[in-house]
Amino acid sequence: RASNISTPLTDRLLQELKDRMDGKTSPQKKRINSFMSKMIRDNQSRPSRPSSRTPAEELPINYQAFENYAAARGGAVVSRAARHANDPSFNLESAAGQARRRATKNIVDRILQTGDDDQISLALLEALNHKSIRPYMKRIYGEQNSEQSAVGRIAVDGMKALTERIANSKSDGGRRQECRALLKMIGMTLTEAAELQGVSERAVIRQVFPNFSRRSAQRILKKAGEKRKRFEEEELCEF
């Protein structure tokens, strides 16, 4: 199968060759002429490929995608707002929402019609791992991971700012009970999660408790771990 080689130069060369072959009568030359005519038609009808393209899985999710109509293969995207520009009653947000929900329902309905629970689970697993669907899954997971990382950085920065202020307030007459409780709560949010994710205690101390001595930070995390365990094992009314 011939690839898309359409350029002004190749189109001109093909046309010159075709012109030279016109009028020839041998079967072989007729076949060559027919082949070149087909290549010219294919190159003229096939959209040119951009020189560089971002792989689909690296693109962020476009949450306004349904504000446009689905583009025909090789065609341009058509805006719903532009198509209904003369309709004062048109609501873009409502129309896009309806289109998104309709598309989602179509996918969900087809999945649920696959069979019983086990069949749905297996078919869905294989569909998500299918080579034609994999780029979309990578794009979705990339978006989720990127968002989770961003929120995680905000959380770490916020906790670090709180611990820094508490550490610097020690010279103002010691830490009050509320400050100690806040430090323990910060530690509670980190201890078990860090252990499950394979994050070392040293990494937690460097990122969240950099203004405390290592021994003080370890003591805070140890007490926080003990309280976290009580929190998970006891009734909340008794905690």
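Residues numbered from 1 in each chain as written. Predicted model: local features only at pLDDT ≥ 70, side-chain atom pairs only at ≥ 80, totals over all residues. Heavy atoms only, no water.

**A short note on the packing of aromatic side chains**
Applying the stated criterion across every chain, the model contains one aromatic pair. When the centroid spacing of 5.9 Å and the interplanar angle of 75° are considered together, the rings of Phe209 and Phe212 count as edge-to-face. Exposure class is identical for Phe209 and Phe212. Each is buried. For Arg80, the ring lying beneath its charged end belongs to Tyr69, and the centroid distance is 4.3 Å. (Phe/Tyr/Trp six-rings, centres within 6.5 Å; stacked < 30°, edge-to-face > 60°. Buried < 20%, exposed > 50% of the residue type's maximum accessible area, 1.4 Å probe, protein only. Lys NZ or Arg CZ within 6 Å of the ring centre and 35° of its normal.)

**Some thoughts on the nonpolar core**
In terms of nonpolar packing, the biggest core is built from 15 residues, with Leu183, Ile186, Leu190, Val204, Val208, Phe209 and Phe212 touching the most fellow members. Taken together, the elements giving at least two residues each to this core come down to helix H6 (134-168), helix H7 (177-196), helix H8 (201-208) and helix H9 (214-233). Of the residues forming this core, the biggest block, four residues, is contributed by H7. (Core = buried A, V, L, I, M, F, W, Y, C linked by side-chain atoms within 4.5 Å. Helix = DSSP H or I, 4+ residues; strand = E, 2+ residues; numbered from the N terminus.)

**Notes on the environment of Arg180**
For Arg180, the position within the fold is in helix H7. The class for Arg180 is partly exposed, based on a relative accessible area of 46%. A C-alpha to C-alpha distance of 8.7 Å links Arg180 and Ile220, two positions 40 residues apart in sequence.

**Side note on a nonpolar patch on the surface**
Taken together, Leu124, Leu128, Ile133 and Tyr136 make up a surface patch of nonpolar side chains, about 320 Å² in accessible area. Along the polypeptide, Leu128 turns up in helix H5 (residues 117-128). (Patch = residues over 30% accessible without salt bridge, like charges linked within 9 Å, V, L, I, M, F, W, Y side chains within 5 Å. Areas by Shrake-Rupley, 256 points an atom, 1.4 Å probe, with all protein chains shown as cover. Salt bridge = Lys/Arg side-chain N within 4 Å of Asp/Glu carboxyl O.)

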